Amino acid sequence: GERRPQVMSGAAHGGALERLESRQAKLHEELANVEKQLYDLETQYLSASAECGSVLRGFESYLTASTKSGSHAKRQGTRHFKPEERLFSLSSTTSPAGEVDDTLQ
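Residues numbered from 1 in each chain as written. Predicted model: local features only at pLDDT ≥ 70, side-chain atom pairs only at ≥ 80, totals over all residues. Heavy atoms only, no water.

**A short note on the overall build of the protein chain**
Across its full length, the protein chain carries three helices and zero strands. Walking the protein chain from its N terminus toward its C terminus, one meets helices and strands in the order α-α-α. Classification of the 105 residues of the protein chain by burial places 16% in the buried group. In the protein chain, of all internal contacts separated by at least 6 residues, the share reaching a separation of at least 24 is 48%. Taken as a whole, the protein chain presents about 8,500 Å² of accessible surface, with 57% of it coming from carbon and sulfur. (Helix = DSSP H or I, 4+ residues; strand = E, 2+ residues; numbered from the N terminus. Buried < 20%, exposed > 50% of the residue type's maximum accessible area, 1.4 Å probe, protein only. Contact = heavy atoms within 4.5 Å. Areas by Shrake-Rupley, 256 points an atom, 1.4 Å probe, with all protein chains shown as cover.)

**A few points about a nonpolar patch on the surface**
On the surface, Leu-38, Leu-87 and Phe-88 cluster together into a nonpolar patch covering about 260 Å² of accessible area. Mapping Leu-87 onto the fold places it in the loop between helix H2 (60–69) and helix H3 (97–104). (Patch = residues over 30% accessible without salt bridge, like charges linked within 9 Å, V, L, I, M, F, W, Y side chains within 5 Å. Salt bridge = Lys/Arg side-chain N within 4 Å of Asp/Glu carboxyl O.)

**With respect to the pattern of salt bridges**
Summed over the entire model, instances satisfying the criterion amount to two salt bridges. A salt bridge links Arg-86 to Glu-42; its shortest N-O distance comes to 3.4 Å. Of this pair, Arg-86 sits in the loop between H2 and H3 while Glu-42 is found in helix H1 (residues 10–48), placing the two residues 44 residues apart along the sequence. This pair shows no difference in class: Arg-86 is buried, exactly as Glu-42 is.

**Quick look at the environment of Ala-97**
Along the chain, Ala-97 falls in helix H3. Counting along the chain gives 14 residues from Ala-97 to Pro-83, while the straight-line C-alpha distance between them is 7.9 Å. Leaving out residues up to four positions away in the same chain, Ala-97 has contacts with Tyr-39, Arg-86, Ser-89 and Leu-90.

Next comes the structure, spelled out in structure tokens:
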């Protein structure tokens, strides 16, 4: 026999649509949580490597500071990072990092 496509009733379509919308909302929430975690970890990395350099900025500041003073003194206060330093956060088109960094400038 010939297979005919199943026809869903209006109620079945509505239920499927609600399930898909619920799943989409959950995925958006998970994405936002992952992006926030990435942003926070990136901030920790940039803060920890501010004086000695990083894979993003290079290590020249460490080399010049250690040859001039013989030691590294940490700066006091909060450092704001340039948007281009947030390479990991900004690799996502939906990351809030662009919005946050725009307000700091």
